[in-house]
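As a plain string of letters, each chain reads:
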Amino acid sequence: MAFTCGTGKHRRPSRVKRTTTNAVGVAALTTTGVVGALAAPALAAESSVEQTGLTPVVTLGDSVAEQIDEQAAAQQRAADEAAALKKAEEAARKRAAEEARKEREAKERAAREAERKRLNSFVLPITGSYVSTGYKTGGSLWSSGSHTGVDFHAASGTPVHAVGSGTVVTAGWGGAYGNQVVIKMHDGTYTMYGHLSSIGVSVGQAVTPGQRIALSGSTGNTTGPHLHFEARTTAEYGSDMDPVGYLRARGVSV
C-alpha cells in the first residue's frame with residue numbers, strides 16, 4: 001500500500017522569532033546579570049522550544065530581546081559614565097597638584113626675594129639710638145685733631161649690630177679705639193665699631209644686617225660709654241668718610 005504525503009507544511013511559530021543568535025546572547029547576559037528578574041518571566045511566557053530533530057533551540061520574542069538590549073545599553077552607559085568620572089577626577093587631581101606646585105614655587109621665590117632684600121639692606125648699629133658726637137668735630141680728644149667717625153649714644157653693655165652684610169676682618173684690641181671690630185661690607189666699603197666692652201665675632205666670620213657683633217663700652221681712649229662708628233674706603237685708619245651720609249645713602253634714617 002502506498003502512502004501519500006500531506007500537502008500541508010510543518011507547523012511553525014506564529015510570530016517572528018530571534019533564534020540562535022539571541023539565545024547565545026541571553027546565555028552571556030544571564031551570566032553577567034543583565035537578564036535577571038526581568039528576563040526570567042518573559043522567557044517563561046514568550047520562549048518556546050523548536051523541535052528540529054536535533055538539539056532543542058530556545059527562541060525569544062522581540063519584546064524580550066529589546067529589553068535585554070536596553071539593559072545592556074544601560075550597563076554600557078553606566079560603565080562609560082564611571083570611566084568619564086574617573087578621568088575627570090584624575091584631571092582634577094593633576095590640576096590641584098599643578099596649582100600646589102605653582103603656589104609653592106611662588107612662595108619660594110618670594111622668600112628668596114625677601115632674603116635678598118634683607119641681605120642688601122642696612123640698619124643702625126645701635127637700635128633706636130642717635131648721634132651724640134658728629135663727624136669731623138674738632139678737639140684735643142682726637143689725635144688727628146677731629147673726629148674720624150660718629151658716636152652713638154649707648155650705655156655700657158648695649159648690643160651693637162652689623163650695619164649690613166659683610167665679613168669680619170678685624171676683631172680685637174685697637175689701641176685708642178679699645179676693643180674694635182672692622183667689617184668689609186658686601187659693597188666693598190668698610191665699617192668700624194670701637195670702644196666695645198666685649199666682642200662676639202671673629203675674623204673671617206660672615207655677618208648679616210642687624211646681627212649682634214659686640215656690646216658697647218668705654219674701652220680705649222674715651223670719656224664714657226658709647227659706640228664709636230666709622231665708615232671707611234679701606235680697613236685702615238685715615239680712610240674715613242662721613243658715616244651719617246654713608247648710612248643715609250643706603251636707606252638708613254639717622
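Residues numbered from 1 in each chain as written. Predicted model: local features only at pLDDT ≥ 70, side-chain atom pairs only at ≥ 80, totals over all residues. Heavy atoms only, no water.

### Considerations on the nonpolar core
Rules: Take the buried Ala, Val, Leu, Ile, Met, Phe, Trp, Tyr and Cys residues and link them wherever side-chain atoms come within 4.5 Å; each set so joined is a nonpolar core. Throughout, exposure labels follow a simple rule: accessible area from a 1.4 Å probe, protein chains only, divided by the maximum for the residue type, with under 20% read as buried, over 50% as exposed, and the rest as partly exposed. For helices the rule is a DSSP run of H or I covering at least 4 residues; for strands it is a run of E covering at least 2, with both sets numbered from the N terminus onward. What makes two residues a contact is simply this: any of their non-hydrogen atoms within 4.5 Å.
Counting residues in each nonpolar core, the largest one holds 26 residues, and the members touching the most others are Phe-152, Val-160, Val-181, Ile-183, Tyr-193 and Ile-213. Broken down by secondary-structure element, the contributors of at least two residues to this core are β4 (150-153), β7 (179-185), β8 (190-199), β10 (212-216), β11 (226-232) and α4 (243-249). If we ignore the near neighbours within four places in the chain, the residues touching Val-181 are Val-168, Thr-170, Thr-191, Met-192, Tyr-193, Leu-196, Ile-199, Val-201 and Ile-213.

### Overview of unusual backbone geometry
The phi dihedral of Lys-136 is positive, around 70 degrees, even though this residue is not glycine. Among the structural elements, Lys-136 can be located in the loop between β3 (131-133) and β4. Residue Lys-136 is classed as partly exposed on the basis of its relative accessible area of 46%.

### What to know about the pairing of β4
We apply this condition: Paired strands, in this sense, are two strands between which DSSP finds at least two bridges.
Bridging between β3 and β4 involves two bridges; their strand directions are antiparallel. From the neighbouring strand, Val-131 faces β4, where its bridge partner is Phe-152.

### Quick notes on the packing of aromatic side chains
How we decide: Between 30 and 60 degrees the pair is tilted, below 30 it is stacked and above 60 it is edge-to-face, where a pair is any two Phe, Tyr or Trp rings, Trp via its six-membered ring, whose centres lie within 6.5 Å.
For the structure shown, the criterion picks out four aromatic pairs. Ring geometry for Tyr-177 versus Tyr-237: centroids 6.4 Å apart, planes at 55 degrees, classification tilted. Linking Tyr-177 in the loop between β6 (166-173) and β7 with Tyr-237 in the loop between β11 and β12 (240-241), this pair joins segments that are 60 residues apart in sequence. Under the relative-accessibility criterion, Tyr-177 is labelled buried at 14%.

### Some points on the side chain of His-226
Operational definition: Throughout this description, a polar contact denotes any pair of N or O atoms lying within 3.5 Å of each other; where both atoms belong to protein, one of them has to be capable of donating a hydrogen while the other can accept it, and for residues adjacent in sequence the pair is counted only when both atoms sit in side chains.
Within the secondary structure, His-226 is located in strand β11. By relative accessible area, His-226 is classed as buried at 11%. Polar contacts involving the side chain of His-226 include one to the side chain of Asp-151, which spans 3.4 Å. Engagement of the side chain of His-226 in a polar contact is seen with the side chain of Thr-222, the distance being 3.5 Å. Excluding residues within four positions of it along the chain, His-226 makes contact with Asp-151, Phe-152, Ala-154, Gly-194, His-195, Ser-216 and Gly-217.

### A look at the pairing of β6
In terms of strand pairing, β6 meets strand β9 (residues 206-207) through two bridges, oriented antiparallel. The residue bridging Thr-167 from the neighbouring strand is Ala-206, located in β9. Relative to β7, β6 is paired through seven bridges, and the arrangement is antiparallel. Directly across from Gly-172, in β7, lies its bridge partner Gln-180. Where β6 hands over to β7, the hairpin turn is made up of five residues, of which Gly-175 adopts a positive phi near 65 degrees.

### Points about the environment of Val-201
Among the structural elements, Val-201 can be located in the loop between β8 and β9. Remark: the alpha-carbon pair of Val-201 and Ile-213, spanning twelve residues in sequence, is separated by 5.6 Å. Beyond its immediate sequence surroundings of up to four residues, Val-201 is in contact with Val-168, Ala-171, Val-181, Val-207, Arg-212 and Ile-213.

### Regarding the confidence of the model for the protein chain
So the rule is basically this: A residue's pLDDT is the predictor's confidence in that residue, given on a scale from 0 to 100.
For the protein chain, the average pLDDT comes to 83, and 73% of its residues sit at 70 or higher. Low pLDDT, under 50, characterises residues 1-49; the stretch is placed with 52 contacts to residues that sit more than four places away or in other chains.

### Comments concerning the pattern of salt bridges
Opposite charge on two side chains permits them to pair, given that their charged atoms come into close proximity. Our working definition: Counted as salt bridges are all cases of a side-chain nitrogen of Lys or Arg within 4 Å of a carboxyl oxygen of Asp or Glu.
According to the stated counting rule, one finds nine salt bridges in the structure shown. Measuring nitrogen to oxygen at the nearest pair gives 2.8 Å for the salt bridge that ties Arg-101 to Glu-105. With a gap of four residues between them, Arg-101 and Glu-105 both fall in helix α3 (residues 62-119), about one helical turn apart. Look at Arg-101 and you get partly exposed, because its relative accessible area is 29%.

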